[in-house]
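Take a look at the letters that make up each chain.
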Amino acid sequence: QLQLVESGGGLVQAGESLRLVCAVSGAKMGVYARGWFRQAPGKEREFVASINWSGENTGYADSVKGRFTISRDNPKNAVYLQMNSLEPEDTATYYCVAGQSSYTESPDNYAYWGPGTQVVVSS
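Here's a quick rundown of the structure.

Here is what the cut-offs are and how they apply
- Residues numbered from 1 in each chain as written.
- Predicted model: local features only at pLDDT ≥ 70, side-chain atom pairs only at ≥ 80, totals over all residues.
- Heavy atoms only, no water.
- Salt bridge = Lys/Arg side-chain N within 4 Å of Asp/Glu carboxyl O.
- Helix = DSSP H or I, 4+ residues; strand = E, 2+ residues; numbered from the N terminus.
- Buried < 20%, exposed > 50% of the residue type's maximum accessible area, 1.4 Å probe, protein only.
- Core = buried A, V, L, I, M, F, W, Y, C linked by side-chain atoms within 4.5 Å.
- Pairing = 2+ DSSP bridges.
- Axes fitted to C-alpha atoms, helices over the stretch in contact; angles between N-to-C directions.

1. Looking at the pattern of salt bridges
Side chains that differ in sign of charge can pair as their charged atoms come close.
Working step 1: All told, the structure shown has four salt bridges when counted by the stated rule.
Working step 2: Put simply, Arg38 and Asp90 hold a salt bridge, and the shortest N to O gap is 3.0 Å. Pair noted here: Arg38 is in strand 4 (residues 33–39) and Asp90 is in the loop between strand 8 (78–83) and strand 9 (92–99), with a separation of 52 residues, a long-range link.
Working step 3: The residue Lys65 makes a salt bridge to Asp62 at a minimum N-O spacing of 3.1 Å. You'll find Lys65 and Asp62 in the same group, each marked exposed.
Working step 4: Connected through shared salt-bridge partners, Arg38, Glu46, Arg67 and Asp90 make up one network.

Next comes the structure, spelled out in structure tokens:
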């Protein structure tokens, strides 16, 4: 079974940057579409960014376009989320996901989820 573990979260001030990293553990069964979701306390889970198996195609939520960048390194089985110009509204637990169908923004297309890493942005 594929296991995902996020790292890189923390507490920063508005306007600063963070880079999240998603690493894989367990047996390697193939190449997956990857993505990031987030959930703030008391709010529903929402899509953030996605990337296809080769890294040539990406998708972003309107709220993070121009500020966040998703990328991947297949030889290392790692996925990254570079977050610039962070805002208090970005405060949430961020989850790394993997799926075998597409890099869609629907959570139903991702069978594997990491435990999450917390990001807090103060003003």
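2. Some points on unusual backbone geometry
Working step 1: Despite not being glycine, Asn77 has its phi angle at roughly 55°, a positive value.
Working step 2: By secondary structure assignment, the location of Asn77 is in the loop between strand 7 (68–73) and strand 8.
Working step 3: The backbone phi angle of Ser85 is positive, close to 50°, even though this residue is not glycine.
Working step 4: Inspection of the secondary structure assignment puts Ser85 in the loop between strand 8 and strand 9.

3. So, the nonpolar core
Working step 1: Counting 30 residues, the largest nonpolar core has Trp36, Val48, Phe68, Leu81, Met83 and Tyr94 as the members making the most contacts within it.
Working step 2: Sorting the residues of this core by element identifies strand 3 (18–25), strand 4, strand 5 (46–51), strand 7, strand 8, strand 9 and strand 11 (117–122) as the ones contributing at least two each.
Working step 3: Counting residues per element, this core draws most heavily on strand 9, which supplies five residues.

4. Brief notes about the pairing of strand 11
Working step 1: Every second residue of strand 11 is oriented toward a common face, the buried set being Thr117, Val119 and Val121 and the non-buried set Gln118, Val120 and Ser122.
Working step 2: Sheet topology note: the strand 2 (residues 10–13)/strand 11 ladder contains four bridges and is parallel. Paired with Gly10 across the bridge in strand 11 is Val119.
Working step 3: Taken together, the three bridges between strand 9 and strand 11 define a ladder with antiparallel strand orientation.

5. Focus: the sheet that holds strand 8
Working step 1: Strands sit in the order 1-3-8-7 across an open sheet of four strands; the sheet is antiparallel. A strand with exactly one partner marks an edge of an open sheet, and here the two such strands are strand 1 (3–7) and strand 7. The average angle at which neighbouring strand axes cross in this sheet is 20°, direction not considered.
Working step 2: Relative to strand 3, strand 1 is paired through five bridges, and the arrangement is antiparallel. When the sheet's bridge partners are listed, Gln3 is paired in strand 3 with Ser25.

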